[in-house]
Amino acid sequence: MNKIIFYGATSLDGYLATPEDKIDWLTQLPGIPTDAGVQVLSKMTSAIMGRVTYDFVAKMAPDAPFNPANPRMHNYVLTRENRQNLPLTTFTDSDVVTLARQLKQTDGSVWIVGGSSVLTPLLAADLVDELYLQLAPIVLGQGKRLWGELAAPHQFTLTQAHTLGPLAELVYRRRN
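No experiment lies behind these values; they were computed from the predicted model shown.

Peer 1: Is there a simple way to think about the sheet that holds strand β9 (residues 156–164) in this case?
Peer 2: The strand order β5-β4-β3-β6-β1-β7-β10-β9 describes an open sheet built from 8 strands, whose pairing is mixed. The open sheet has two free edges, formed respectively by β5 (89–92) and β9, since each of these has just one partner strand. Geometrically, the sheet is characterised by an average inter-axis angle of 20° between neighbouring strands, direction not taken into account. Summarising the sheet, strand β1 (residues 3–11) and strand β7 (residues 130–136) pair through 7 bridges and their orientation is parallel. By the bridge assignment, alanine 9 is partnered in β7 with glutamine 134. Docked against the sheet, helix α4 (residues 96–104) engages β1, β3 (44–50), β4 (74–78), β5 and β6 (109–113), running at close to 180° with respect to β3.

Listed below in structure tokens is the structure:
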């Protein structure tokens with residue numbers, strides 16, 4: 001059975017991007033190792049993300065695979081727009097929880113990419129198995145949040161803590 005894993009970076013105050021969807025505060029940090037995340041991301045066989053995230057990455061690196069650590073990873077992009085599917089990308093208006101439950105029954109691991117509209121419903125449904133959270137040394141004060149509101153607490157166990165250049169990476173596993 002698949003694991004569903006969030007892997008991503010935030011500011012110290014929990015923002016993924018500025019209000020204008022910019023992440024230069026992260027991408028311009030000096031000293032992030034070029035192989036950061038390769039071990040984890042190479043195991044990802046599929047990803048669930050929102051359309052804004054997908055469009056940003058596609059614009060930033062149009063000829064690169066979404067996951068260079070596993071160029072054959074299949075992307076599921078949540079959108080209400082009618083778009084033509086690509087060989088490694090499926091555009092869908094499926095509910096994120098339903099899609100995640102389907103992918104959890106396949107081989108490999110599912111990478112959750114993006115913010116609260118993707119992650120929060122999966123946390124609420126107890127579908128997130130692991131969190132790889134990199135904290136950048138900046139407080140943005142406003143922007144696009146990683147965390148949304150939940151009706152009940154969800155507990156995780158810290159399994160690792162280490163540095164990736166200027167980032168602190170915390171790895172958590174869901175408590176059963």
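Peer 1: Would you explain the pattern of salt bridges in this entry?
Peer 2: Two side chains bearing opposite charge may form a pair once their charged atoms approach each other closely. In the structure shown here, the tally under the stated rule is 9 salt bridges. Taking the shortest distance from any N to any O, the salt bridge between glutamate 81 and arginine 83 comes out at 2.9 Å. According to the relative accessible area criterion, glutamate 81 is partly exposed, its value standing at 40%. The salt bridge partner of glutamate 130 is arginine 173, with a shortest N-O separation of 4.0 Å. Of the two residues, glutamate 130 is situated in strand β7 and arginine 173 in strand β10 (residues 167–174); the sequence distance between them amounts to 43 residues.

Peer 1: Teacher, can you tell me more about the nonpolar core here?
Peer 2: Within soluble globular proteins, side chains that are nonpolar generally end up buried alongside one another. Formed by 23 residues in total, the largest nonpolar core has its most connected members in Ile48, Ile112 and Leu122. Listed by contribution, the elements that provide at least two residues to this core are β1, β4, α4, β6, α5 (116–124) and β7. Per-element tally for this core: the top contributor is α4, with 5 residues. Excluding residues that lie within four positions of it along the chain, isoleucine 112 makes contacts with Ile4, Ile5, Phe6, Tyr7, Ile48, Val118, Leu119 and Leu122.

Peer 1: How should the packing of α4 against α5 be read in this particular structure?
Peer 2: Helix packing for two helices is described by the angle between their axes and how far apart those axes are. Following both chains from N to C, one finds α4 and α5 inclined at 65°, their axes separated by 9 Å at the closest point. As judged from the angle between their axes, α4 and α5 are roughly perpendicular. In the crossing of α4 with α5, the sense of the turn from one axis to the other is right-handed. Contacts from Val96, Val97 and Ala100 of α4 reach α5 at Val118, Pro121 and Leu122. Considering only residue class, the contact of α4 with α5 consists of 6 nonpolar, no polar and no charged.

Thresholds, definitions, all that
- Residues numbered from 1 in each chain as written.
- Predicted model: local features only at pLDDT ≥ 70, side-chain atom pairs only at ≥ 80, totals over all residues.
- Heavy atoms only, no water.
- Pairing = 2+ DSSP bridges.
- Helix = DSSP H or I, 4+ residues; strand = E, 2+ residues; numbered from the N terminus.
- Axes fitted to C-alpha atoms, helices over the stretch in contact; angles between N-to-C directions.
- Contact = heavy atoms within 4.5 Å.
- Salt bridge = Lys/Arg side-chain N within 4 Å of Asp/Glu carboxyl O.
- Buried < 20%, exposed > 50% of the residue type's maximum accessible area, 1.4 Å probe, protein only.
- Core = buried A, V, L, I, M, F, W, Y, C linked by side-chain atoms within 4.5 Å.
- Parallel < 35°, antiparallel > 145°, perpendicular 65-115°, else oblique.
- Left-handed = near helix turned anticlockwise from the far one by under 90°.
- Nonpolar A, V, L, I, M, F, W, Y, C, P; charged D, E, K, R; others polar.

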